[in-house]
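# Structural overview
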Amino acid sequence: TVCLAVRSGGLTSVDADTGNTLWKNPKVSGHVVVQKGATLLVHGKNTVSVIDAKRGDLIRTIPAPGIVRLEADGLENGAVYAVSDRNVVARLVGK
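Counting from 1, residues in each chain are numbered in the order their sequence is written. In keeping with the model being predicted, local features are shown solely for residues with a pLDDT of at least 70 and side-chain atom pairs are shown and tallied solely at 80 or more, while totals for entire chains, interfaces and linings include all residues. As a convention, hydrogens and water are excluded, and side-chain values are obtained from all of the structure's heavy atoms.

### Some words on the sheet that holds strand E10 (residues 89–92)
Note the threshold: Here a strand pair is declared whenever DSSP counts at least two bridges between the two strands. Only DSSP runs of H or I covering at least 4 residues are called helices, and only runs of E covering at least 2 are called strands; the numbering of each starts at the N terminus. To define axes, lines are fitted to C-alpha atoms, for helices over the stretch in contact only, and angles between the resulting N-to-C directions are given on a 0 to 180 degree scale.
As summarised here, the arrangement of the three strands in space is E8-E9-E10, forming an open sheet in which the pairing is antiparallel. Looking at the sheet topology across the chains shown, the edges are occupied by strand E8 (67–72) and E10. Across the sheet, the mean angle from the axis of one strand to that of its neighbour is 25°, orientation sign disregarded. Inspection of the sheet shows strand E9 (residues 80–84) paired to E10 by four bridges, in the antiparallel sense. Looking across to E10, one finds that valine 83 is bridged to valine 89.

Laid out in structure tokens, this is it:
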């Protein structure tokens, strides 16, 4: 599965083998940082969105003002690091 940010806004999931669209969510924009279990973390402008990986449903949006970048050390279940606009790096730990 490949998730693509769409220029007009939104996020689309595509089956990498067939090219078929699995789901579209026009309400979420940004880049997919990591898959954590059955969810995707998507970093958008001042937000982090939690998306159901199979259906594309928005589970929740978390405000993230001042976070300019999110990075993971692996695409699946990797540790997530936030970089602030003041160049502070923090490792994010889920509940």
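### Regarding the layout of surface pockets
Think of a ball as big as a water molecule: rolled over the atoms, this probe shows where empty space is left. Cut-off, in case you're wondering: Detection works on a 1 Å grid of protein atoms alone, calling trapped sets that fit a 1.4 Å probe cavities and calling open sets with protein on both sides within 12 Å along at least five of seven lines pockets, with lining residues defined by an atom within 4 Å of a point. Grid points are joined across faces, edges and corners, and a volume is the space filled by probe spheres set on the points. Three classes are used, and their members are as follows: Ala, Val, Leu, Ile, Met, Phe, Trp, Tyr, Cys and Pro are nonpolar, Asp, Glu, Lys and Arg are charged, and the others, Gly among them, are polar.
In this model, the largest pocket occupies a volume close to 540 Å³. Leu41, Ile62, Leu92, Val93 and Gly94 are, among the 19 residues lining the largest pocket, the residues nearest its centre. The dominant element in the lining of the largest pocket, judged by the number of residues it contributes, is strand E7 (residues 58–63), at three residues. A class-by-class count of the residues in the lining of the largest pocket yields 13 nonpolar, two polar and four charged.

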